[in-house]
Amino acid sequence: MPTLTLYDAVGAALTEEMRRDHNVIAFGEGIATKRHELVDEFGALRVRNTPLAEGIIAGTAVGAAAMGLRPVVDLLFAPFLCYAMDELVNSAGKLRYLSGGQFSFPLVTLAMTGAGWGVGAQHNHNVEAWFVHSPGLKVVMPSTPADTKALLKTAIRDDNPVLFFLDIGLLYQPGEVPAGEHLLALGQAAIVREGRDVTLVSYGKTVHHCQQAADQLASQGIAAEVIDLRSLKPLDEATILGSVRKTGRLVVVHEANRLCGIGAEIAALVAEHAFADLKAPIVRQGGPDAPVAASYPLEQASVPSAEAITDAARRLCST
Amino acid sequence: MTPKPPANNPQQLLEQMLLIRAYEEAIVNGSAAGRMPGTCTSVGQEAAAVGVVNALAAEDLILTNHRSAGHLLARGADPGRLLAEVMGRRDGYCKGKSGSLHISAKELGVVLTSTIVGAELSMAPGVALAQSMLGRPGIVVCFFGDGAACEGSFHESLNLAALWNLPILYVCENNHWQAFVHRREAMSREHVAEWATGYGIPARTVDGNDVFAVLEAAQAAAAQVRESGRPCLLETTTYRTRGHLEPDDQGYVDKAELANWLARDPITTSRARLLADGLLSQAQAAAMADEVASRIAVAQAFAEASPFPAADELTRDAYA
């Protein structure tokens with residue numbers, strides 16, 4: 001199986017989908033510069049650099065999507081999405097519904113976020129929950145190169161606007177990616193490790209922290225099940241509930257601010273639908289309610305560590 | 001339903017303006033009586049809408065905003081379906097989910113209407129990009145106000161359209177009011193057209209209350225966009241003679257300024273001109289008014305008879 005970084009998996013997905021469908025176009029902040037091989041193959045009309053103006057990039061994608069193109073736009077860093085909120089939330093997310101279904105918006109927005117480069121809070125802010133809370137949008141955040149390629153291909157084919165977040169800390173991590181056509185449905189979580197004692201639910205880089213925690217827990221005789229959500233909307237409720245009904249214990253982990261994060265939704269979901277199966281209170285682990293610092297130790301401290309996840313899970317298993 | 005062919009005589013332009021006025025007055029009255037929601041009317045701006053829309057071809061696409069009644073009706077929208085939409089009824093153009101503020105009618109080429117001031121400007125380049133990349137013939141016409149011209153999206157849109165050679169006719173309806181703020185308080189320049197020239201976009205200002213002048217200017221501008229494949233801007237200078245949103249006592253409006261513009265009402269002046277030029281008789285004018293009143297009465301009856309959306313419409317079309 002070929003090995004690709006997550007960054008190259010994005011390029012591979014773009015290449016395959018642009019070959020498959022002439023209506024797929026890509027534009028954004030430096031995409032034609034950094035992925036010049038796309039320009040070489042598909043031409044300067046389908047792959048374009050843009051001004052550093054996120055609002056008009058996103059708005060142009062919305063208009064183009066409504067009229068039959070399938071744009072993929074690169075807005076670089078997730079906090080820059082603040083400049084594109086009207087276009088993504090008010091236009092892409094709402095104008096299908098408000099028009100009585102006259103339009104659809106098949107567009108993908110790429111943005112990087114997360115700890116790893118010490119870039120500080122205006123380049124590193126895990127804002128994915130904002131978009132989960134906004135109707136009409138889908139939200140994806142993969143943790144491996146293989147999932148990135150398969151999910152991005154599906155997202156490009158989806159007729160809804162998809163926010164596709166790339167974890168900075170995973171960007172240049174290599175991973176095996178199946179050759180050829182390989183798709184994954186949005187809304188399908190992966191059980192990346194099976195266990196009977198406690199469920200660890202996460203997405204993005206903290207999936208790997210959960211896997212490290214599961215290794216540590218195994219050496220202490222605790223079998224942790226690790227779920228990688230992969231997509232946050234649609235959310236694979238069945239896989240989460242099925243696992244918690246089996247283990248009776250849940251730790252939800254993400255790098256984003258714990259306050260009103262995805263973890264809160266998952267905790268509520270489990271409390272509503274699997275309360276009787278719980279053997280211990282639900283634990284949420286997430287970033288603090290503070291902007292992320294550039295300073296390396298502070299940046300790293302904003303991310304739930306494998307040790308913290310291990311401790312939380314062990315405490316749950318002792319109750 | 002498809003877009004109405006452009007008017008081929010000046011009487012039709014007058015009749016379209018009368019229809020728009022009567023339609024919006026029906027909403028104003030219905031709103032005052034508690035039978036309809038309040039809306040943002042375009043009363044006083046009819047010539048600016050009718051003049052531009054009648055300069056367009058059937059394949060051209062229109063993006064508009066919350067003050068859209070003129071654009072939609074001039075394009076041939078059924079006033080009954082429009083009123084049904086305003087009243088949140090099933091037979092509206094958007095199944096009652098839009099209300100008055102974001103009515104799109106794809107069948108008429110009126111696409112992606114947004115009530116967020118400036119959003120039409122942000123989406124227009126993408127619509128034009130699709131037109132050119134997919135080899136479709138129509139140009140894109142984007143209606144916005146002087147308020148939207150003060151949004152960043154105006155400047156980003158013009159820059160990109162000029163940079164990427166997009167076939168967009170930007171039409172700024174400079175109606176002097178940005179919600180409750182006079183444009184003098186909000187704009188660093190007198191005219192939006194001045195800003196467009198800074199982006200290398202040909203721009204022209206026209207008396208937006210003279211439907212014949214607007215038509216001629218819009219025909220020239222649309223032809224320029226069609227031939228060059230590049231953007232142009234037309235600024236129609238007009239005046240919002242009613243409030244921002246019904247009801248509105250307009251206590252903040254300078255009375256002398258309003259009176260001056262009311263004396264230049266686009267319907268009164270164009271009717272007087274047609275009468276003076278012998279292109280319309282008093283009897284024809286009266287018959288035209290009766291015809292419009294009767295169309296609006298039929299439209300209102302249709303809208304009131306239309307049912308509200310079924311409960312299962314609550315979440316339908318949130319996702320494709």
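Just above, that's the structure.
An account of the accompanying structure is given in this report. (Residues numbered from 1 in each chain as written. Chains lettered and ligands numbered in written order. Predicted model: local features only at pLDDT ≥ 70, side-chain atom pairs only at ≥ 80, totals over all residues. Heavy atoms only, no water.)

Before going further, it helps to examine the sheet that holds strand 4 (residues 70-77) of chain A. Residue and element names in this part refer to chain A. Strand order in the open sheet formed by 7 strands is 3-2-4-5-7-6-12, with mixed pairing between adjacent strands. The open sheet is flanked by strand 3 (47-49) and strand 12 (231-233), the only strands paired with a single partner. Between one strand axis and the next, the sheet turns by 20° as a mean value, whatever way the strands run. Bridging between strand 4 and strand 5 (residues 108-113) involves 4 bridges; their strand directions are parallel. By the bridge assignment for strand 5, Phe 77 is matched with Met 112. Against the sheet, helix 4 (residues 54-66) makes contact with strand 2 (24-28) and strand 4, and its axis sits at roughly 165° relative to strand 4, the strand it touches most. Sheet contacts for helix 8 (residues 145-157): strand 2, strand 4, strand 5, strand 6 (138-140) and strand 7 (162-167); angle to strand 7, the most-contacted strand, approximately 160°. (Pairing = 2+ DSSP bridges. Helix = DSSP H or I, 4+ residues; strand = E, 2+ residues; numbered from the N terminus. Axes fitted to C-alpha atoms, helices over the stretch in contact; angles between N-to-C directions. Contact = heavy atoms within 4.5 Å.)

Residues and elements named next belong to chain B. One open sheet accounts for 5 strands, arranged 1-2-3-7-6; its pairing is parallel. Bordering the open sheet on either side are strand 1 (61-63) and strand 6 (203-207), each of which pairs with just one other strand. Taken pair by pair, the neighbouring strands of this sheet meet at an average axis angle of 20°, ignoring direction. The pairing of strand 3 (residues 168-174) with strand 7 (residues 232-237) spans 6 bridges and is classified as parallel. Within strand 7, the position partnered with Glu 173 by the bridge is Thr 236.

Let us now look at the interface of chain B and chain A. Every contact between the two is made by 41 residues of chain B and, on the other side, 42 residues of chain A. Interface area, chain B with chain A, both sides summed: about 3,200 Å², of which 66% is carbon and sulfur. One can count 1 salt bridge joining chain B with chain A. Of the charged contacts in the structure, one is a salt bridge between Asp 317 of chain B and Arg 96 of chain A, with a shortest N-O distance of 3.5 Å. At the boundary of chain B and chain A, one finds 15 residue pairs in polar contact (both at pLDDT 80 or more). Listing elements by their share of the side of chain B that touches chain A, those giving two or more residues are helix 5 (119-133) and helix 7 (152-163) of chain B. By residue number, the principal contributor to the side of chain B that touches chain A is helix 5 of chain B, which donates 10 residues. Split into classes, the residues belonging to the side of chain B that touches chain A amount to 24 nonpolar, 9 polar and 8 charged. (Buried area = accessible area lost by both parts, 1.4 Å probe. Salt bridge = Lys/Arg side-chain N within 4 Å of Asp/Glu carboxyl O. Polar contact = N/O pair within 3.5 Å; in protein donor to acceptor, adjacent residues only side chain to side chain. Nonpolar A, V, L, I, M, F, W, Y, C, P; charged D, E, K, R; others polar.)

Cis geometry marks the peptide bond from Lys 233 of chain A to Pro 234 of chain A; its omega dihedral reads 0°. Locating Pro 234 of chain A in the fold gives a position in the loop between strand 12 and helix 10 (237-247). With an omega of -10°, the peptide bond running from Glu 246 of chain B to Pro 247 of chain B counts as cis. Secondary-structure assignment places Pro 247 of chain B in the loop between strand 7 and helix 10 (255-262). You will see that Ala 179 of chain B, though not glycine, has its phi angle at about 55°, which is positive. Secondary-structure assignment places Ala 179 of chain B in the loop between strand 4 (177-178) and strand 5 (181-182). For Ala 179 of chain B, a relative accessible area of 29% gives the class partly exposed. Even without glycine at this site, Asp 317 of chain B takes up a positive phi of about 75°. (Buried < 20%, exposed > 50% of the residue type's maximum accessible area, 1.4 Å probe, protein only.)

On to the environment of Val 62 of chain A, then. Topologically, Val 62 of chain A is positioned in helix 4. Assessed through its relative accessible area of 0%, Val 62 of chain A is described here as buried. Between the alpha carbons of Val 62 of chain A and Pro 161 of chain A there is a distance of 8.5 Å; along the sequence they are 99 residues apart. Apart from residues no more than four positions distant in its own chain, Val 62 of chain A is found in contact with Glu 87, Ser 91, Ala 92, Phe 105 and Leu 107 of chain A together with Leu 112 and Met 123 of chain B.

So, about the environment of Tyr 93 of chain B. Residues and elements named next belong to chain B. Following the sequence through the fold, Tyr 93 ends up in the loop between helix 4 (79-86) and helix 5. On the basis of relative accessible area, Tyr 93 is assigned to the buried category, the value being 5%. Along the backbone, Tyr 93 and Ser 104 are 11 residues apart, and their C-alpha atoms lie at a distance of 7.0 Å.

All names here are of chain B. Here helix 1 (residues 10-32) crosses helix 11 (residues 266-276) at 155°, and the two axes come no closer than 10 Å. When the axis of helix 1 is compared with that of helix 11, the two are roughly antiparallel. Read as a crossing pair, helix 1 and helix 11 show a hand that is left-handed. Here helix 1 contributes Pro 10, Gln 11, Leu 14, Met 17, Leu 18 and Arg 21 to the contact with helix 11, which in turn contributes Pro 266, Ile 267, Ser 270, Arg 271 and Leu 274. Its residues assigned to classes, the contact of helix 1 with helix 11 comprises 7 nonpolar, 2 polar and 2 charged. (Parallel < 35°, antiparallel > 145°, perpendicular 65-115°, else oblique. Left-handed = near helix turned anticlockwise from the far one by under 90°.)

Okay, the packing of aromatic side chains next. Per the counting criterion, the structure on display carries 13 aromatic pairs over all chains. Ring centres of Phe 131 of chain A and Phe 165 of chain A lie 6.1 Å apart, and the angle between their planes is 45°; this geometry places the pair in the tilted category. In this pair, Phe 131 of chain A sits in helix 7 (residues 128-132) while Phe 165 of chain A sits in strand 7, placing the two residues 34 residues apart along the sequence. The burial state of Phe 131 of chain A is the same as that of Phe 165 of chain A; both residues are buried. Ring geometry for Trp 177 of chain B versus Tyr 252 of chain B: centroids 5.2 Å apart, planes at 75°, classification edge-to-face. Of this pair, Trp 177 of chain B sits in strand 4 while Tyr 252 of chain B sits in the loop between strand 7 and helix 10, placing them 75 residues apart in sequence. One Lys or Arg, Arg 48 of chain A, reaches over the ring of Trp 164 of chain B and ends 4.5 Å from the middle of that ring. (Phe/Tyr/Trp six-rings, centres within 6.5 Å; stacked < 30°, edge-to-face > 60°. Lys NZ or Arg CZ within 6 Å of the ring centre and 35° of its normal.)

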